[in-house]
Amino acid sequence: MIFTNLIQTNLRTHTFGKQVEYYNRLGSTNEEAWELIDENTATHGTLVITDHQFEGKGRGGKSWFMSPSKGLAMSLILLESIPVEKAGLIPLAAGAAAAKTLKNWGSSPTLKWPNDILLNGKKAGGILCESRLSGESIQSMVVGAGLNVNETGNDLPDEIKSTATSLSIETGHSHQRELVVAIFITFFEDYWEILQESPEEIIRDWTSFCGHLEKPVSFNFKGKNQSGIFKKINHKGEACIHIDGNERVFPSIILE
Ligand code: BTN
(Lines give C-alpha, C1' and ligand atoms only; values in the text may rest on other atoms or scores of the structure.)
Protein backbone atom coordinates (compact mmCIF):
# COMPACT_ATOMS: atom_id res chain seq x y z
CA MET A 1 0.00 0.00 0.00
CA ILE A 2 1.20 3.50 -0.82
CA PHE A 3 -0.31 6.34 1.21
CA THR A 4 -0.93 9.16 -1.24
CA ASN A 5 -1.63 11.68 1.55
CA LEU A 6 1.92 11.04 2.84
CA ILE A 7 3.29 11.84 -0.62
CA GLN A 8 1.29 15.04 -0.78
CA THR A 9 2.15 16.34 2.69
CA ASN A 10 5.85 16.00 1.83
CA LEU A 11 5.69 17.65 -1.59
CA ARG A 12 7.20 21.10 -2.05
CA THR A 13 5.87 21.75 -5.54
CA HIS A 14 3.58 24.20 -7.35
CA THR A 15 1.76 21.73 -9.62
CA PHE A 16 3.56 18.38 -9.88
CA GLY A 17 1.92 15.64 -7.80
CA LYS A 18 -1.09 17.73 -6.79
CA GLN A 19 -3.28 15.20 -8.61
CA VAL A 20 -2.39 11.60 -7.76
CA GLU A 21 -3.91 8.53 -9.41
CA TYR A 22 -3.10 5.50 -7.24
CA TYR A 23 -3.70 1.85 -8.16
CA ASN A 24 -3.05 -1.24 -6.02
CA ARG A 25 -2.06 -3.18 -9.15
CA LEU A 26 -1.40 -2.01 -12.66
CA GLY A 27 0.25 -3.34 -15.82
CA SER A 28 2.28 -0.19 -16.46
CA THR A 29 1.99 3.32 -15.01
CA ASN A 30 3.18 4.74 -18.36
CA GLU A 31 0.37 2.94 -20.20
CA GLU A 32 -2.19 4.09 -17.63
CA ALA A 33 -0.89 7.67 -17.91
CA TRP A 34 -1.53 7.66 -21.67
CA GLU A 35 -5.05 6.34 -21.07
CA LEU A 36 -5.76 9.18 -18.63
CA ILE A 37 -4.41 11.68 -21.19
CA ASP A 38 -6.65 10.21 -23.90
CA GLU A 39 -9.68 10.34 -21.58
CA ASN A 40 -8.89 14.00 -20.74
CA THR A 41 -8.84 13.21 -17.02
CA ALA A 42 -5.21 14.17 -16.39
CA THR A 43 -3.82 17.61 -15.61
CA HIS A 44 -0.24 18.84 -16.09
CA GLY A 45 1.84 17.25 -13.32
CA THR A 46 -0.54 14.37 -12.52
CA LEU A 47 1.24 11.48 -10.81
CA VAL A 48 0.26 7.90 -11.65
CA ILE A 49 1.59 5.40 -9.12
CA THR A 50 1.05 1.77 -8.19
CA ASP A 51 2.14 -0.61 -5.44
CA HIS A 52 2.41 -3.52 -7.86
CA GLN A 53 3.36 -2.97 -11.49
CA PHE A 54 3.26 -6.33 -13.28
CA GLU A 55 4.01 -5.41 -16.92
CA GLY A 56 6.51 -2.59 -16.53
CA LYS A 57 8.18 -1.30 -19.68
CA GLY A 58 11.89 -0.49 -19.84
CA ARG A 59 14.00 1.31 -22.45
CA GLY A 60 14.83 -0.39 -25.73
CA GLY A 61 11.68 -2.56 -25.65
CA LYS A 62 12.84 -4.39 -22.52
CA SER A 63 10.60 -5.18 -19.57
CA TRP A 64 11.03 -3.60 -16.15
CA PHE A 65 10.77 -5.58 -12.92
CA MET A 66 9.21 -4.06 -9.81
CA SER A 67 9.05 -5.87 -6.50
CA PRO A 68 5.47 -5.39 -5.16
CA SER A 69 5.26 -3.19 -2.04
CA LYS A 70 9.05 -2.70 -2.03
CA GLY A 71 9.97 -0.79 -5.17
CA LEU A 72 8.50 2.29 -6.80
CA ALA A 73 6.82 2.56 -10.19
CA MET A 74 5.40 5.93 -11.11
CA SER A 75 4.74 8.20 -14.08
CA LEU A 76 4.37 11.96 -14.30
CA ILE A 77 2.18 13.50 -16.96
CA LEU A 78 3.47 16.66 -18.68
CA LEU A 79 0.90 18.52 -20.76
CA GLU A 80 2.58 21.87 -21.35
CA SER A 81 3.99 22.21 -24.83
CA ILE A 82 7.79 22.24 -25.07
CA PRO A 83 10.13 22.70 -28.08
CA VAL A 84 11.75 19.45 -29.24
CA GLU A 85 15.24 20.98 -28.70
CA LYS A 86 14.62 21.41 -24.99
CA ALA A 87 12.58 18.22 -24.55
CA GLY A 88 15.72 16.09 -24.98
CA LEU A 89 16.88 17.33 -21.59
CA ILE A 90 13.77 16.08 -19.75
CA PRO A 91 14.86 12.42 -19.52
CA LEU A 92 18.24 13.62 -18.21
CA ALA A 93 16.55 15.96 -15.73
CA ALA A 94 14.48 13.03 -14.46
CA GLY A 95 17.66 10.97 -14.03
CA ALA A 96 19.39 13.82 -12.19
CA ALA A 97 16.31 14.29 -9.96
CA ALA A 98 16.37 10.58 -9.11
CA ALA A 99 20.11 10.69 -8.36
CA LYS A 100 19.67 13.76 -6.12
CA THR A 101 16.84 11.93 -4.33
CA LEU A 102 18.92 8.85 -3.58
CA LYS A 103 21.85 11.04 -2.51
CA ASN A 104 19.52 12.57 0.07
CA TRP A 105 19.74 9.29 2.00
CA GLY A 106 23.51 9.27 2.10
CA SER A 107 24.06 6.96 -0.87
CA SER A 108 26.42 7.87 -3.73
CA PRO A 109 24.46 7.50 -6.98
CA THR A 110 25.95 7.79 -10.43
CA LEU A 111 24.21 8.17 -13.79
CA LYS A 112 24.86 6.20 -16.94
CA TRP A 113 23.77 8.08 -20.07
CA PRO A 114 21.01 8.89 -20.55
CA ASN A 115 19.38 8.07 -17.24
CA ASP A 116 20.27 4.73 -15.66
CA ILE A 117 20.55 5.33 -11.93
CA LEU A 118 23.34 3.30 -10.37
CA LEU A 119 24.36 2.67 -6.77
CA ASN A 120 27.74 1.07 -6.24
CA GLY A 121 27.88 0.41 -10.00
CA LYS A 122 24.60 -1.55 -10.03
CA LYS A 123 21.26 -0.46 -11.43
CA ALA A 124 18.86 0.96 -8.82
CA GLY A 125 16.50 2.79 -11.15
CA GLY A 126 15.60 3.80 -14.67
CA ILE A 127 13.55 6.36 -16.55
CA LEU A 128 11.31 5.80 -19.56
CA CYS A 129 10.05 8.98 -21.26
CA GLU A 130 7.44 8.74 -23.97
CA SER A 131 6.14 11.73 -25.91
CA ARG A 132 3.70 12.88 -28.59
CA LEU A 133 4.92 15.39 -31.08
CA SER A 134 3.06 18.04 -33.02
CA GLY A 135 5.22 19.96 -35.51
CA GLU A 136 8.36 21.12 -33.70
CA SER A 137 6.89 20.79 -30.19
CA ILE A 138 6.17 18.02 -27.75
CA GLN A 139 2.49 18.27 -26.83
CA SER A 140 2.39 15.61 -24.11
CA MET A 141 4.98 13.56 -22.34
CA VAL A 142 4.90 10.72 -19.83
CA VAL A 143 7.95 10.47 -17.60
CA GLY A 144 8.07 6.99 -16.05
CA ALA A 145 10.43 6.26 -13.19
CA GLY A 146 11.23 2.93 -11.61
CA LEU A 147 13.28 2.96 -8.41
CA ASN A 148 14.42 0.03 -6.29
CA VAL A 149 13.92 1.15 -2.70
CA ASN A 150 13.27 -1.57 -0.11
CA GLU A 151 14.19 -4.74 -2.02
CA THR A 152 16.55 -7.24 -0.40
CA GLY A 153 18.81 -9.41 -2.55
CA ASN A 154 16.15 -12.17 -2.44
CA ASP A 155 13.49 -9.91 -3.97
CA LEU A 156 15.49 -9.41 -7.17
CA PRO A 157 14.95 -12.00 -9.93
CA ASP A 158 17.94 -14.22 -10.81
CA GLU A 159 18.39 -12.54 -14.23
CA ILE A 160 19.19 -9.17 -12.63
CA LYS A 161 20.60 -10.22 -9.24
CA SER A 162 24.20 -9.56 -10.21
CA THR A 163 23.55 -6.22 -11.93
CA ALA A 164 20.78 -4.63 -9.81
CA THR A 165 20.59 -3.22 -6.31
CA SER A 166 18.28 -1.12 -4.13
CA LEU A 167 18.57 1.88 -1.83
CA SER A 168 17.96 -0.38 1.14
CA ILE A 169 20.67 -2.88 0.11
CA GLU A 170 23.17 -0.01 -0.21
CA THR A 171 22.24 1.88 2.97
CA GLY A 172 21.49 -1.14 5.17
CA HIS A 173 17.99 -0.08 6.21
CA SER A 174 14.53 0.47 4.75
CA HIS A 175 13.06 3.79 3.63
CA GLN A 176 9.61 5.36 3.50
CA ARG A 177 8.69 5.11 -0.18
CA GLU A 178 6.20 8.00 -0.04
CA LEU A 179 8.99 10.34 1.06
CA VAL A 180 11.22 9.12 -1.76
CA VAL A 181 8.40 9.88 -4.24
CA ALA A 182 7.75 13.36 -2.79
CA ILE A 183 11.42 14.34 -2.91
CA PHE A 184 11.86 12.99 -6.45
CA ILE A 185 8.85 14.95 -7.71
CA THR A 186 9.98 18.11 -5.92
CA PHE A 187 13.45 17.93 -7.51
CA PHE A 188 11.93 17.10 -10.90
CA GLU A 189 9.58 20.08 -10.82
CA ASP A 190 12.57 22.31 -9.97
CA TYR A 191 14.28 21.04 -13.12
CA TRP A 192 11.12 21.55 -15.19
CA GLU A 193 11.14 25.22 -14.15
CA ILE A 194 14.90 25.54 -14.68
CA LEU A 195 14.50 24.09 -18.19
CA GLN A 196 12.69 27.22 -19.37
CA GLU A 197 15.32 29.72 -18.13
CA SER A 198 18.71 28.06 -17.67
CA PRO A 199 18.89 24.53 -19.11
CA GLU A 200 22.67 24.57 -18.66
CA GLU A 201 22.05 23.93 -14.94
CA ILE A 202 20.47 20.58 -15.83
CA ILE A 203 23.50 19.69 -17.97
CA ARG A 204 25.81 20.71 -15.12
CA ASP A 205 23.92 18.64 -12.51
CA TRP A 206 23.62 15.61 -14.78
CA THR A 207 27.34 15.80 -15.56
CA SER A 208 28.18 15.97 -11.85
CA PHE A 209 26.53 12.54 -11.41
CA CYS A 210 27.88 10.97 -14.63
CA GLY A 211 29.93 7.88 -13.82
CA HIS A 212 31.68 7.56 -17.20
CA LEU A 213 32.89 11.05 -18.11
CA GLU A 214 36.21 10.84 -20.04
CA LYS A 215 35.99 7.05 -19.76
CA PRO A 216 35.72 4.34 -22.45
CA VAL A 217 32.13 3.33 -23.34
CA SER A 218 30.81 0.62 -25.66
CA PHE A 219 27.49 0.50 -27.44
CA ASN A 220 25.69 -0.79 -30.47
CA PHE A 221 24.75 1.73 -33.15
CA LYS A 222 22.80 0.69 -36.25
CA GLY A 223 23.78 -2.95 -35.72
CA LYS A 224 27.51 -2.18 -35.29
CA ASN A 225 29.44 -2.48 -32.02
CA GLN A 226 31.33 0.73 -31.31
CA SER A 227 33.47 2.10 -28.54
CA GLY A 228 34.94 5.47 -27.69
CA ILE A 229 35.54 7.98 -24.93
CA PHE A 230 32.45 9.66 -23.44
CA LYS A 231 33.19 13.42 -23.55
CA LYS A 232 29.99 15.25 -22.55
CA ILE A 233 26.31 15.82 -23.21
CA ASN A 234 25.39 18.70 -25.52
CA HIS A 235 22.60 21.32 -25.16
CA LYS A 236 20.05 18.79 -26.48
CA GLY A 237 21.12 16.08 -24.02
CA GLU A 238 22.80 14.03 -26.74
CA ALA A 239 25.92 11.98 -26.00
CA CYS A 240 29.20 13.31 -27.46
CA ILE A 241 31.67 10.46 -27.87
CA HIS A 242 35.22 10.52 -29.26
CA ILE A 243 35.69 7.67 -31.70
CA ASP A 244 39.08 7.34 -33.41
CA GLY A 245 39.86 10.99 -32.76
CA ASN A 246 36.52 12.34 -34.09
CA GLU A 247 33.74 13.63 -31.85
CA ARG A 248 30.42 12.04 -32.79
CA VAL A 249 26.99 12.87 -31.46
CA PHE A 250 24.42 10.20 -30.58
CA PRO A 251 20.80 11.07 -29.75
CA SER A 252 19.83 7.59 -28.54
CA ILE A 253 22.06 4.62 -27.90
CA ILE A 254 22.19 2.18 -25.02
CA LEU A 255 25.60 2.04 -23.37
CA GLU A 256 26.75 -1.45 -22.39
C1 BTN B 1 14.91 1.49 -18.05
O2 BTN B 1 14.83 0.53 -18.86
O3 BTN B 1 15.95 1.76 -17.49
C4 BTN B 1 13.70 2.33 -17.79
C5 BTN B 1 12.77 1.70 -16.80
C6 BTN B 1 11.54 2.53 -16.54
C7 BTN B 1 10.56 1.81 -15.66
C8 BTN B 1 9.42 2.69 -15.22
S9 BTN B 1 8.53 1.98 -13.88
C10 BTN B 1 7.29 3.18 -14.05
C11 BTN B 1 7.08 3.42 -15.52
N12 BTN B 1 6.10 2.51 -16.07
C13 BTN B 1 6.63 1.66 -16.93
O14 BTN B 1 6.00 0.75 -17.52
N15 BTN B 1 7.95 1.89 -17.06
C16 BTN B 1 8.37 3.02 -16.27
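Next up on the list: helix α2 (residues 29–38). Within α2, 7 of the 10 residues are buried, which leaves the element mostly enclosed by the surrounding structure. For α2, the full list of buried residues reads T29, N30, E32, A33, W34, L36 and I37. Among the structural elements, β1 (20–23), β2 (47–50), β3 (56–57), β5 (72–78), β9 (122–134) and β10 (137–147) are those in contact with the buried residues of α2. The residue sitting at the N-terminus of α2 and contributing the capping side-chain oxygen is S28; that oxygen lies 3.2 Å from the backbone nitrogen of N30. Looking one or two residues past α2, N40 carries a phi angle of roughly 65°, positive in sign.

On to the domain arrangement of the protein chain, then. Looking at the assigned domains, one finds that the protein chain contains domain 1 (4–209) and domain 2 (216–250). Taken together, the contact between domain 1 and domain 2 spans 8 residues of the former and 9 residues of the latter. Taking both sides of the interface into account, the surface hidden between domain 1 and domain 2 amounts to around 690 Å²; carbon and sulfur atoms contribute 68%. Its largest share of buried area at the contact with domain 2, domain 1 owes to E85, W113 and I203, together 67% of the area lost on that side. For the pair domain 1 and domain 2, the number of links is 0 salt bridges. Where domain 1 touches domain 2, the interface holds 1 residue pair in polar contact (both at pLDDT 80 or more). Taken together, the residues of the side of domain 1 that touches domain 2 break down into 5 nonpolar, 2 polar and 1 charged.

On to the packing of aromatic side chains, then. Under the defined criterion, the tally for this structure stands at 6 aromatic pairs. Judged by centre distance (4.9 Å) and plane angle (70°), the rings of F219 and F250 are edge-to-face. Pair noted here: F219 is in strand β11 (residues 216–221) and F250 is in strand β14 (residues 246–250), with a separation of 31 residues, a long-range link. Here F219 matches F250 in class, with each residue buried.

Let us now look at helix α4 (residues 90–103). Taking 1.5 Å of rise per residue, the 14 residues of α4 would be expected to cover 20 Å, and the 20 Å separating its terminal C-alpha atoms lies within 8% of that figure. Counting buried positions along α4 yields 12 of 14 residues, so the element is predominantly enclosed.

Another point: the site of the ligand. In the vicinity of the ligand there are 20 residues, among which S28, T29, K57, R59 and K123 approach most closely. A distance of 2.7 Å separates an oxygen atom of the ligand from a polar side-chain atom of S28. Within the side chain of Q53, a nitrogen or oxygen atom sits 3.1 Å from a nitrogen atom of the ligand. Against a free-state accessible area of 410 Å², the protein chains account for coverage of 97% of the ligand. Among the elements that line the shell around the ligand, the one with the most residues is β9, at 4 residues. Within the shell around the ligand, the residues separate by chemical class into 6 nonpolar, 10 polar and 4 charged.

All right, on to unusual backbone geometry then. In this chain, W113 is followed by P114 through a cis amide linkage whose omega measures 0°. Residue placement: P114 occurs in the loop between β7 (109–112) and β8 (116–119). Located in the positive-phi region is N120, a residue other than glycine, with phi close to 55°. Checked against the element boundaries, N120 lands in the loop between β8 and β9. Its identity is not glycine, yet E214 carries a phi of approximately 60°, on the positive side. For E214, the position within the fold is in the loop between α8 (200–209) and β11.

Where strands meet in a sheet, backbone hydrogen bonds hold them as pairs that are either parallel or antiparallel. Strands sit in the order β11-β12-β13-β14 across an open sheet of 4 strands; the sheet is antiparallel. Of all the strands in the sheet, the pair left with one neighbour each is β11 and β14. If you compare each strand with its neighbour and ignore which way they point, the axes differ by 50° on average. Sheet analysis places strand β13 (residues 239–243) next to β14, joined by 5 bridges and oriented antiparallel. Paired with A239 across the strands is F250, a residue of β14.

Reading guide: rules and limits
- Residues numbered from 1 in each chain as written.
- Predicted model: local features only at pLDDT ≥ 70, side-chain atom pairs only at ≥ 80, totals over all residues.
- Heavy atoms only, no water.
- Buried < 20%, exposed > 50% of the residue type's maximum accessible area, 1.4 Å probe, protein only.
- Helix = DSSP H or I, 4+ residues; strand = E, 2+ residues; numbered from the N terminus.
- Contact = heavy atoms within 4.5 Å.
- Polar contact = N/O pair within 3.5 Å; in protein donor to acceptor, adjacent residues only side chain to side chain.
- Domains from an automatic or database assignment.
- Buried area = accessible area lost by both parts, 1.4 Å probe.
- Salt bridge = Lys/Arg side-chain N within 4 Å of Asp/Glu carboxyl O.
- Nonpolar A, V, L, I, M, F, W, Y, C, P; charged D, E, K, R; others polar.
- Phe/Tyr/Trp six-rings, centres within 6.5 Å; stacked < 30°, edge-to-face > 60°.
- Expected span 1.5 Å × (residues − 1).
- Near = heavy atom within 4 Å.
- Areas by Shrake-Rupley, 256 points an atom, 1.4 Å probe, with all protein chains shown as cover.
- Pairing = 2+ DSSP bridges.
- Axes fitted to C-alpha atoms, helices over the stretch in contact; angles between N-to-C directions.

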